[in-house]
Amino acid sequence: MWIIYSLLAAVSAAAAITLTKAGLKKVDPILAFAIQSILILIISWSAVMIQKKVAGLGQIDQRGWMFLAGAGILTCFSSLFQFTALKNGDASLVSSLERISLVVTIVFAVLFLNEQINWKVITGAILMIGGAVMIGFSRTS
């Protein structure tokens, strides 16, 4: 099932980037992010309520809260940077360079989560970097 959800996330992210770029034509990127954040808040908490997951709040330990808070803060910065880049650059170019985060995630997963990698992962990461750079610099803006 995780593969289906991963693919759905990829399609959703691609659609979100495209819609965001279209919406940024006459809107400040920080304001646009704030508007989307309100919707994210409403939809995510609605899902929590509908699925009756509120009780899970009490089961999160202090370490979990710290990691989730840090991730939330970094997600906000990432989105602010991405919205600003989208305001000024082509969606395809911004998105391809932003996706270098996949390679950084692999490095972080090895360093901090003790995940194992092999030659296939390393080769894939090198190809991702090469592809992102080729797409990112395929046109001059």
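In what follows, the accompanying structure is described. (Residues numbered from 1 in each chain as written. Predicted model: local features only at pLDDT ≥ 70, side-chain atom pairs only at ≥ 80, totals over all residues. Heavy atoms only, no water.)

A few points about the nonpolar core
Stated formally: In this description, a nonpolar core means a group of buried Ala, Val, Leu, Ile, Met, Phe, Trp, Tyr and Cys residues linked to one another through side-chain atoms lying within 4.5 Å. The rule is simple: take the accessible area with a 1.4 Å probe, protein chains only, and divide by the maximum for that residue type; under 20% is buried, over 50% is exposed, in between is partly exposed. Runs of H or I in DSSP of at least four residues are treated as helices and runs of E of at least two as strands, each being numbered from the N terminus. Residue contacts follow a heavy-atom distance rule, with two residues in contact if any of their heavy atoms lie within 4.5 Å.
Counting 8 residues, the largest nonpolar core consists of Ile17, Leu24, Ala32, Phe33, Phe83, Leu86, Ala91 and Val94. Elements that contribute at least two residues to this core include exactly α2 (29-50), α3 (62-88) and α4 (91-98). If near-sequence neighbours (up to four positions away) are discounted, Ala91 is found in contact with Ile17, Lys21 and Leu86.

A word on the environment of Glu98
Note that Glu98 resides in helix α4. Classification of Glu98 by relative accessible area gives partly exposed; the value is 22%. The sequence separation of Glu98 and Gly136 amounts to 38 residues, and the corresponding C-alpha distance is 9.4 Å. Setting aside chain neighbours within four positions, we find Glu98 in contact with Ser78 and Gln82.

Re helix α6 (residues 119-136)
An α-helical turn contains 3.6 residues, so a residue and the one three or four places further along point in the same direction. Selection criterion: To estimate how far a helix should reach, multiply one less than its number of residues by 1.5 Å. The arc refers to the directions leading from the helix axis to the C-beta atoms. Polar contact is the term for a pair of N or O atoms within 3.5 Å; when the atoms are in protein, one must be able to donate a hydrogen and the other to accept it, and sequence-neighboring residues count only if both atoms are side-chain atoms.
The terminal C-alpha atoms of α6, which comprises 18 residues, lie 25 Å apart, in line with the 26 Å expected from a rise of 1.5 Å per residue. Turning to α6, its buried residues number three or more, namely Ala125, Ala132 and Gly136. Projected down its long axis, α6 carries its buried residues within an arc of 35°, all on one side. Exposed residues lying more than 90 degrees from the buried face of α6 are Trp119, Lys120, Ile126, Leu127 and Met134. Buried residues in α6 make contact with α4 and α5 (101-113). Its side-chain oxygen at 2.9 Å from the backbone nitrogen of Lys120, Asn118 defines the N-terminal cap of α6.

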